[in-house]
Amino acid sequence: MQLRTINSLYISLYFDVPRPKALLGHQHFHRLLDEIRDVYKLQKTTFDNFYISAAGSESSVMQRLKRELGDALNLPEGSENGDLLIRLRRANKGWEILIRITPRPHATRLWRVCNFEGALNGPVASSMIQLSKPSREDIVVNLACGSGTIMIERLLSTGVSKIIGCDNDELALACARENLNASFVTGTDLELIRTDVKSLPLPSNFANRLYADLPFGQLVGSHQDNIKQYPQIFDEAARIATPDAIFTVITHEVKLIESVLANNRSWYAQQIIKVSLRGLHPRIYVLSKRNGSQ
């Protein structure tokens, strides 16, 4: 339950039967019920409703399975956002049933009391942090911090010596303050600054870990703005970074960032990871400073 880089956790059951109708048989149906009750014990609670996600969910067999499951569990059928989520799909010559073990996706963060357009997914932010090889002694700057996702995930991982979030949008910073307060992170030298991330009020050679969820040019920003801003952001990040700094960024502007990096004298990519995120395929870039760069 402490895993932070996954979207959901499921129990997987395989049934060696040719058709879903066989799942209504006594042995298979009670096996399914027993596993669901084990999920109840794990959560130490009951669920408010259930939802079955399956191809042909309106068929007579699936409707009967829903009715019998609802009666046995004393639960109403909910929407696709139902608490008890059950997925049914073909697997080899039989069928697989997946039972989500949490009432909400594991990616849902309890501290996210303020949503902000374009906010980064929690597991992706946590993955970015792990890729940066974090240490409790790090001095961290989060450029374009938005609603604070990266900052909070970083503070909940190893902690830091100091962390600063920078954004030019006061609404985003207000949202970040709410989320930071809800995360109950205390005892940290933490600061939020409203500023242009292309011209930061920070000294040179200041931070050894930097992060940025760069504007994708879709929900936030535009491609034309990004063409102008990306080179400036990377130059400013290099100015405030120590020689051993790691700069971890995510963006969907793949061609643009690779063009910028090809012409940038300060940063090179140690690692590039493709991510699937809400129908988009952005990439995480783990960057290091080039030898001799200032």
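The structure displayed is predicted, hence computed values, not measured ones. (Residues numbered from 1 in each chain as written. Predicted model: local features only at pLDDT ≥ 70, side-chain atom pairs only at ≥ 80, totals over all residues. Heavy atoms only, no water.)

## Concerning the sheet that holds strand β5 (residues 139-143)
And step 1. In space, the seven strands of this open sheet follow the order β7-β6-β5-β8-β9-β11-β10, with mixed pairing throughout. Each of the sheet's edge strands pairs with one partner strand only, and the pair in question is β7 (190-194) and β10 (267-274). Averaged over all neighbouring strand pairs, the angle between strand axes comes to 15 degrees, with direction disregarded.
And step 2. As paired strands, β10 and strand β11 (residues 283-289) are joined by seven bridges and run antiparallel to one another. Paired with Trp267 across the bridge in β11 is Lys289.
And step 3. In this fold helix α7 (residues 254-262) packs onto β9 (241-251), β10 and β11, with an angle of close to 10 degrees to the strand it touches most, β11. (Pairing = 2+ DSSP bridges. Helix = DSSP H or I, 4+ residues; strand = E, 2+ residues; numbered from the N terminus. Axes fitted to C-alpha atoms, helices over the stretch in contact; angles between N-to-C directions. Contact = heavy atoms within 4.5 Å.)

## Overview of unusual backbone geometry
And step 1. Positioned with a positive phi, Asn92 is a non-glycine residue whose angle comes to about 55 degrees.
And step 2. In this fold, Asn92 is placed in the loop between β3 (84-91) and β4 (94-100).
And step 3. A positive phi angle is found at Ala144, which is not glycine, with a value near 50 degrees.
And step 4. Note on placement: Ala144 falls in the loop between β5 and α4 (149-155).

## Focus: helix α1 (residues 26-43)
And step 1. With 18 residues, α1 extends 26 Å between its outermost C-alpha atoms, agreeing within 8% with the 26 Å of an ideal straight helix rising 1.5 Å per residue.
And step 2. Within the span of α1, buried status applies to Phe29, Leu32, Leu33, Ile36, Val39, Tyr40 and Gln43. Within α1, the buried residues cover an arc of 110 degrees as seen down the axis, which keeps them to one side. Set apart from the buried face of α1 by more than 90 degrees, the exposed residues are His26, Gln27 and Lys41.
And step 3. Close packing links the buried residues of α1 with β1 (10-15), α2 (60-73), β3 and β4.
And step 4. Downstream of α1 by one or two residues, Lys44 has phi in the positive range, about 55 degrees. (Expected span 1.5 Å × (residues − 1). Buried < 20%, exposed > 50% of the residue type's maximum accessible area, 1.4 Å probe, protein only. Arc of directions from axis to C-beta.)

## What about the nonpolar core?
And step 1. Residues Leu143, Leu210, Phe234, Phe247, Val249 and Trp267 are the most contacted members of the largest nonpolar core, which totals 31 residues.
And step 2. Only β5, β6 (162-167), β8 (207-213), α6 (223-240), β9, α7 and β11 provide two or more residues apiece to this core.
And step 3. The element contributing the most residues to this core is α6, with six residues.
And step 4. Residue contacts for Leu210: discarding those within four places in its chain leaves Val141, Leu143, Ala237, Ile240, Ala241, Ala245, Ile246, Phe247 and Thr248.
And step 5. Core analysis: the second largest hydrophobic core is formed by 27 residues, Phe29, Leu33, Ala54 and Ile86 among them. (Core = buried A, V, L, I, M, F, W, Y, C linked by side-chain atoms within 4.5 Å.)

## What to know about the sheet that holds β3
And step 1. Spatially, four strands are ordered β1-β4-β3-β2 in an open sheet, and the strand pairing comes out mixed. Taken across any chain shown, the strands that pair with only one partner, and hence form the sheet edges, are β1 and β2 (50-54). Averaged over all neighbouring strand pairs, the angle between strand axes comes to 20 degrees, with direction disregarded.
And step 2. Bridge count between β1 and β4: six bridges; the pairing is antiparallel. By the bridge assignment, Leu13 is partnered in β4 with Ile97.

## Considering the environment of Cys175
And step 1. When you line up the elements, Cys175 lands in helix α5 (residues 170-182).
And step 2. Distance in space between the C-alpha atoms of Cys175 and Gly122 is 15 Å, their sequence separation being 53 residues.
And step 3. With residues near it in sequence (within four places) discarded, Cys175 still touches Cys114, Asn115, Phe116 and Ser147.

## Quick look at the packing of aromatic side chains
And step 1. Applying the stated criterion across every chain, the model contains three aromatic pairs.
And step 2. Between Phe247 and Trp267, the aromatic rings sit 5.3 Å apart at their centres with planes inclined by 55 degrees, giving tilted as the arrangement. Here Trp267 lies in strand β10 and Phe247 lies in strand β9, a separation of 20 residues in the sequence.
And step 3. Pairwise contacts between aromatic rings join Phe234, Phe247 and Trp267 into one cluster.
And step 4. A cation over a ring is seen here: Arg31 above Phe15, with NZ or CZ 4.5 Å from the ring centre. (Phe/Tyr/Trp six-rings, centres within 6.5 Å; stacked < 30°, edge-to-face > 60°. Lys NZ or Arg CZ within 6 Å of the ring centre and 35° of its normal.)

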